[in-house]
Amino acid sequence: MNYKIVRLNTAAKKEIEHSVLIIYTGGTLGMAYDASGALVPFNFGQILEKVPNLTNMNISITVISFPEPIDSSNINLQHWVDMAYIIYENYDTYDGFVVLHGTDTMAYSASMLSFMLQGLNKPVIFTGAQLPISEMRSDARENLMTSLEIAISKSDGKPIVPEVCIFFNHMLLRGNRSKKVQSVHFDAFESENYPPLAESGIIIDYNYPAIRTFEPGKQLKYMNQLNNQVVVLKLFPGITKKVIESFIKIKGLKGIVLETYGSGNSPSEPWFLKLMERAVATGLIIFNVSQCNGGRVIQGRYQTSRDLKRIGVLSGGDITTEAAITKLMFLLANETLESEIKRKLITPMAGEMSDLSN
Ligand code: ASP
């Protein structure tokens, strides 16, 4: 990939104490209006002019920009591999990493990176904006500046937040617990099933017990294998046999994230259950995730989920759909045994789900 690299001259008079690598992928933060009035991403060099305060921070900042910044609706597997590679390659050089990313698929990317960056011991903060940085009322400046501050924050010489997060509108959330819930207001992200890791006001108030602990000596691994032979199947009243059949007949399909109702419930009609049973028997992995933002899947609580459990559908507990589908893509490519994929799916890997085993 042909990255563009920009190094920032900070105006710090003292010796620079901290360093951050910004990965600029695109998104509204760095967009401008084209001739037709549509928002399109523009070059990072121009963004820096819009945040003069950046040069007053005592941080050495390097920016690596995607050759063509993208709207995050265009994110694909290769982009995830590139992001993970950039972090892996530069891991020892920087205190932390800030990924500037569109909000639309930010929760997917943050989830995927949390699985790919195994052994991570430094902050990787995703952020973006609802309004381009060139707009007067833009949320971009505050999101960017605070993300940088979080990326360099240390306590006793150790990073305070050694995990993949999303910082947006005063809230620091665990990346693989987040969801985009707003397309207009500034409070775009929520983490219904896990408390915020920090809130920023006049100070950044860290919620220490919720943050993953720094583990000395941990080595970052670069895991770049992903498998997208997967699908999200969202149930709705009236869904037909033909639809379900055509999903499970997709050639090469390896896994389904089944978005069920409430605490993991599905229709109990025999045709539906028979199709699910056949799918599991032929080796398809079915991962049950709730359509509700809060709460969790409890297979067996209602009669309408008891059969899913019996058939071998796996419970996603309190995982988000974004984390479920990315975890599935990751495990399908990195585990050879079906039994291991299944075991790891239902076990927390990077704080993406609560441990409900006891
Ligand atoms: N469509 C934009 C994107 O995700 C929206 C945003 O950045 O907020 O890239």
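For the structure itself, look to the data block above.
Scope of this entry: the structure provided in the associated data block. (Residues numbered from 1 in each chain as written. Predicted model: local features only at pLDDT ≥ 70, side-chain atom pairs only at ≥ 80, totals over all residues. Heavy atoms only, no water.)

**Examining the site of the ligand**
Quick note on the threshold: We call a residue near a molecule or strand whenever a single non-hydrogen atom of that residue lies within 4 Å of it. Think of a polar contact as two N or O atoms within 3.5 Å of one another; within protein, one of them needs to be a possible hydrogen donor and the other a possible acceptor, and neighboring residues in sequence only count if both atoms come from side chains. Basically, the charged four are Asp, Glu, Lys and Arg, the nonpolar ten are Ala, Val, Leu, Ile, Met, Phe, Trp, Tyr, Cys and Pro, and anything else, Gly included, counts as polar.
Surrounding the ligand, one finds G27, T28, M31, D71, S72, G102, T103, D104, A129 and Q130. The contact in question runs from an oxygen atom of the ligand to an N or O atom on the backbone of T28, over 2.8 Å. Contact between the ligand and T103: an oxygen atom at 2.4 Å from a side-chain N or O atom of the residue. The class makeup of the residues in the shell around the ligand is two nonpolar, six polar and two charged.

**With respect to helix 8 (residues 321-334)**
Heads up, the condition is: Only DSSP runs of H or I covering at least 4 residues are called helices, and only runs of E covering at least 2 are called strands; the numbering of each starts at the N terminus. The span you would expect from a helix comes to 1.5 Å times its residue count less one. Exposed residues in this analysis have more than 50% of their type's maximum accessible area, buried residues have under 20%, and partly exposed residues fall in between, with area computed by a 1.4 Å probe over protein chains only.
The terminal C-alpha atoms of helix 8 lie 20 Å apart, and with 14 residues this matches the ideal 20 Å at 1.5 Å per residue to within 8%. Burial analysis of helix 8 places twelve of its 14 residues in the buried class, the great majority of the element. Looking at helix 8, one finds that the buried residues are T321, E322, A323, A324, I325, T326, K327, L328, M329, F330, L331 and L332.

**Observations concerning the packing of aromatic side chains**
Geometry of an aromatic ring pair is reported as the spacing of the ring centres plus the angle between the planes. Quick reminder of the rule: The aromatic pairing rule takes the rings of Phe, Tyr and Trp, using the six-membered ring of Trp, and pairs them if the centres are within 6.5 Å, calling planes under 30 degrees apart stacked, those over 60 edge-to-face and the rest tilted. A ring has a charge above it when a Lys NZ or an Arg CZ is no more than 6 Å from the ring centre and no more than 35 degrees off the ring normal.
Taken as a whole, this structure holds seven aromatic pairs when the rule is applied. Each residue in the set Y85, Y88 and Y222 is aromatic and connected to the rest through ring pairs, giving one cluster. The aromatic ring of Y91 is capped on one face by K122, whose charged end is 5.0 Å from the ring centroid.

**Concerning the pairing of strand 17 (residues 255-260)**
To keep things clear, this is the line we draw: Two strands qualify as a pair provided DSSP detects at least 2 bridges between them.
With respect to burial, strand 17 is a largely interior element, six of its six residues being buried. What you see with strand 17 is no split at all: G255, V257 and E259 on one side and I256, L258 and T260 on the other are buried throughout. Bridge count between strand 16 (residues 230-234) and strand 17: five bridges; the pairing is parallel. Bridged to V232 within strand 17 is V257.

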